[in-house]
Amino acid sequence: MTDRNSYLVVTDACSDIIPEYADKEGILVIPMEVAMTDGTRFHATYDNSEFPLNDFYKKVESGVMANTSAVTPQNYLDFFAPLLKEGHDILYNCFTSGLSSTYNNALIAQQQLKEDFPDRKLIVVDSLGATAGMGYQTYYAAVNRDNGMSIEDNAKWLEDTKLRINYTWIVSDLMHLSRGGRLSAGAALVGTALQLKPVGDIDNEGHLVALEKAHGRKASIKRLAEWCNARLDTSVDKPVLVAHCDCPEDAETLKQKILADGKAKEVIIGRTGPVVGAHLGPGGLTCYYFCDHRSVKEK
């Protein structure tokens, strides 16, 4: 075992890492700013201490929309510089470059910090993922560190495994995808009228993509479980993670459907925070697991 202070494992608030897991492994989480159309402003944190998730989803359900901001280069400088000054090396698993400028901003800060702290290491990895799947991977990176893996080997592990985590998802209300720019208004209206529910993933470039359409909520949950059980890599001894946008009963239903197949030995339930929850909306349901490769192959 190695001293966890040999280097720090860091992610950002988009990771929706389960707070108890972050605390257990000493994972640091960079806050991200959220602004709502009713004037509410807060920072999304790993434990949602500034603004409880239940209150956030109640506002969204009532029609209040939320906009999220990328972490700026200055935010990164303010967060990382004190840690580097204290003598820490840092491994940072970052929100996908396919959905945000966060990763590019991290690289800008990284370049300046290399000049300011030439004897320290700051490694930035583009997760090509988001929300709890990114937190899931970050947690195991911290476990790797505790088990003696070097920062360089751990960065390589993140790179080698990031396209082997599936990020399958469904939504309840297509209009949230439309408002977030992920679906055209026309397609959202037609899909809503026909009760079509997209089942999607994150592709190898880190973008949200639809895989198929199910008719109705129950069918979409069933298909989410079927995707998981068809693609789960049972040689990787790690649980399946389900995360929900204020729909715990549906998350439990999905968990039981996954376990009923017999391939998954354990399913953990977490929650989706405001950064991604603003786009998926209440009723969003996601599932993360190790697989041979993501559902969407590179173009």
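These numbers come from a predicted model, not from an experiment.

At a minimum axis separation of 9 Å, helix α3 (residues 73-85) and helix α4 (residues 102-116) run at an interaxial angle of 45°. If you check the angle between α3 and α4, you find them oblique. With respect to the hand of their crossing, α3 and α4 are arranged in right-handed fashion. Mapping the contact onto sequence places Pro73, Tyr76, Leu77, Phe80, Ala81 and Leu84 in α3 and Thr102, Asn105, Ala106, Ile108, Ala109, Gln112 and Leu113 in α4. For the contact of α3 with α4, a count of residues per class yields 10 nonpolar, 3 polar and no charged.

This next bit is on α4. The end-to-end C-alpha distance of α4, which contains 15 residues, comes to 21 Å, matching closely the 21 Å that a straight helix rising 1.5 Å per residue would cover. Among the residues of α4, Thr102, Tyr103, Asn105, Ala106, Ala109, Gln110 and Leu113 are the ones counted as buried. Each buried residue of α4 lies within a common arc of 145° when the element is viewed along its axis, so the set occupies one face. Residues Ile108 and Glu115 are exposed on α4 and point more than 90 degrees away from its buried face. Buried residues along α4 sit in contact with β1 (8-12), β3 (32-36), α3, β6 (90-94) and β7 (122-126).

Moving on to the confidence of the model for the protein. Here the protein averages 89 in pLDDT, while 89% of its residues score no lower than 70. Per-residue pLDDT stays below 50 along residues 182-194; that stretch engages in 20 contacts with residues further than four places along the chain or on separate chains.

This part covers the pattern of salt bridges. Applying the stated criterion across every chain, the model contains 14 salt bridges. A salt bridge links aspartate 89 to arginine 120, with the shortest nitrogen-to-oxygen separation between them at 2.9 Å. With aspartate 89 in the loop between α3 and β6 and arginine 120 in the loop between α4 and β7, this residue pair connects regions lying 31 residues apart in the sequence. On the accessibility criterion, aspartate 89 (10% relative accessible area) is buried.

Turning to the sheet that holds β3, a few remarks are in order. In spatial order, the strands read β4-β3-β5; together these 3 strands make up an open sheet with antiparallel pairing. The open sheet has two free edges, formed respectively by β4 (41-44) and β5 (66-68), since each of these has just one partner strand. Adjacent strand axes in the sheet meet at a mean angle of 30°, parallel and antiparallel pairs treated alike. Across 3 bridges, the pairing between β3 and β5 is antiparallel. Bridged to methionine 36 within β5 is alanine 66.

What follows deals with the sheet that holds β1. One open sheet holds the 4 strands; their spatial order is β2-β1-β6-β7, and the pairing between them is parallel. The outermost strands of the open sheet, each flanked by one partner alone, are β2 (28-30) and β7. Neighbour-to-neighbour, the strand axes of this sheet turn through a mean angle of 25°, independent of strand direction. Across the face of the sheet, α4 comes into contact with β1, β6 and β7 while running at roughly 165° to β7.

So, on to the nonpolar core. One finds Met36, Phe56, Tyr76, Phe80, Ile90 and Tyr92 to be the most contacted residues of the largest nonpolar core, which totals 72 residues. Here this core gets 7 residues from one element, more than from any other, and that element is helix α5 (residues 131-146). If we skip the residues at most four places from it in the chain, tyrosine 92 touches Val10, Thr11, Asp12, Ile30, Tyr76, Phe80, Thr102, Ala106, Ile123, Val124 and Val125. Ile170, Cys247, Ala251 and Ala264 belong to the second-largest nonpolar core, a separate cluster that totals 21 residues.

What counts, and where the lines are drawn
Residues numbered from 1 in each chain as written. Predicted model: local features only at pLDDT ≥ 70, side-chain atom pairs only at ≥ 80, totals over all residues. Heavy atoms only, no water. Axes fitted to C-alpha atoms, helices over the stretch in contact; angles between N-to-C directions. Helix = DSSP H or I, 4+ residues; strand = E, 2+ residues; numbered from the N terminus. Parallel < 35°, antiparallel > 145°, perpendicular 65-115°, else oblique. Left-handed = near helix turned anticlockwise from the far one by under 90°. Contact = heavy atoms within 4.5 Å. Nonpolar A, V, L, I, M, F, W, Y, C, P; charged D, E, K, R; others polar. Expected span 1.5 Å × (residues − 1). Buried < 20%, exposed > 50% of the residue type's maximum accessible area, 1.4 Å probe, protein only. Arc of directions from axis to C-beta. pLDDT = per-residue confidence, 0-100. Salt bridge = Lys/Arg side-chain N within 4 Å of Asp/Glu carboxyl O. Pairing = 2+ DSSP bridges. Core = buried A, V, L, I, M, F, W, Y, C linked by side-chain atoms within 4.5 Å.

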